[in-house]
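Here is how the chains run, residue by residue.
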Amino acid sequence: MEIVQTVSEWKAMILPTLESKANEFQMMGYTRANAEEVWDCLVKKVWKGDPEKRIYEVVQDIFHLGSGTYISYLTVAAYQDDNLFASISALTGEDQKDGG
């Protein structure tokens, strides 16, 4: 019998695979790559949520995650963080350079 669970339910079990993919990206020059970012990328760009899958499908998705998809995810995340910071600054008035 094959077990089908949501990808989040598989996360603890496949953590070594995520770490392996992060190490692969680090060797490619993405020195800040880590397992949590790889996971977030998969959830947002590949799975688009928390679908039900078999463990071999989850592992396969991790191994097939390409650097282009990962970099695209990081780029979008960076822009969203910048927009969030700009929004917070605008709301708090901290974007004014002169105090007067």
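Note: the structure precedes this text.
Everything quoted here is computed from the prediction, not taken from an experiment.

Enquirer: It is not clear to me how the nonpolar core should be interpreted in this structure. Could you clarify?
Expert: For soluble globular proteins, the rule of thumb is that nonpolar side chains tend to be buried together. In this structure, Ile 14, Leu 18, Val 38, Leu 42 and Val 58 are the most contacted members of the largest nonpolar core, which totals 18 residues. Listing elements by their share of this core, those giving two or more residues are α1 (7-27), α2 (35-46), α3 (55-64) and α4 (67-92). Among the elements that line this core, the one with the most residues is α1, at 6 residues. Leaving out residues up to four positions away in the same chain, Leu 18 has contacts with Lys 11, Ala 35, Val 38, Trp 39, Leu 42 and Ile 62.

Enquirer: Would you mind showing me how to read the packing of α1 against α3 here?
Expert: The relative placement of two packed helices comes down to the angle between their axes together with the axis-to-axis distance. Two elements in contact, α1 and α3, have axes whose closest approach is 10 Å; the angle formed by their N-to-C orientations is 35°. Relative to α3, the crossing made by α1 is right-handed. Mapping the contact onto sequence places Val 7, Trp 10, Met 13, Ile 14, Thr 17, Leu 18, Ser 20 and Lys 21 in α1 and Ile 55, Val 58, Val 59, Ile 62 and Phe 63 in α3. By residue class, the composition of the contact of α1 with α3 is 10 nonpolar, 2 polar and 1 charged.

Enquirer: Quick question: what am I supposed to make of the pattern of salt bridges here?
Expert: Any two side chains of opposite charge can pair, on the condition that their charged atoms come close. Scanning the model with the defined rule gives 4 salt bridges in all. Across the pair Glu 2 and Arg 54 runs a salt bridge, and its minimum N-O distance is 2.5 Å. On the criterion of sequence distance, the pair formed by Glu 2 in the segment before β1 (4-6) and Arg 54 in strand β2 (residues 52-54) is long-range, its members being 52 residues apart. The salt bridge partner of Lys 21 is Glu 24, with a shortest N-O separation of 3.2 Å. Here the residue Lys 21 and the residue Glu 24 both occupy positions in helix α1, the gap between them amounting to 3 residues, near one helical turn. With relative accessibility at 2%, the residue Lys 21 sits in the buried group. For Glu 24, a relative accessible area of 32% translates into the label partly exposed.

Calculation criteria
- Residues numbered from 1 in each chain as written.
- Predicted model: local features only at pLDDT ≥ 70, side-chain atom pairs only at ≥ 80, totals over all residues.
- Heavy atoms only, no water.
- Core = buried A, V, L, I, M, F, W, Y, C linked by side-chain atoms within 4.5 Å.
- Buried < 20%, exposed > 50% of the residue type's maximum accessible area, 1.4 Å probe, protein only.
- Helix = DSSP H or I, 4+ residues; strand = E, 2+ residues; numbered from the N terminus.
- Contact = heavy atoms within 4.5 Å.
- Axes fitted to C-alpha atoms, helices over the stretch in contact; angles between N-to-C directions.
- Left-handed = near helix turned anticlockwise from the far one by under 90°.
- Nonpolar A, V, L, I, M, F, W, Y, C, P; charged D, E, K, R; others polar.
- Salt bridge = Lys/Arg side-chain N within 4 Å of Asp/Glu carboxyl O.

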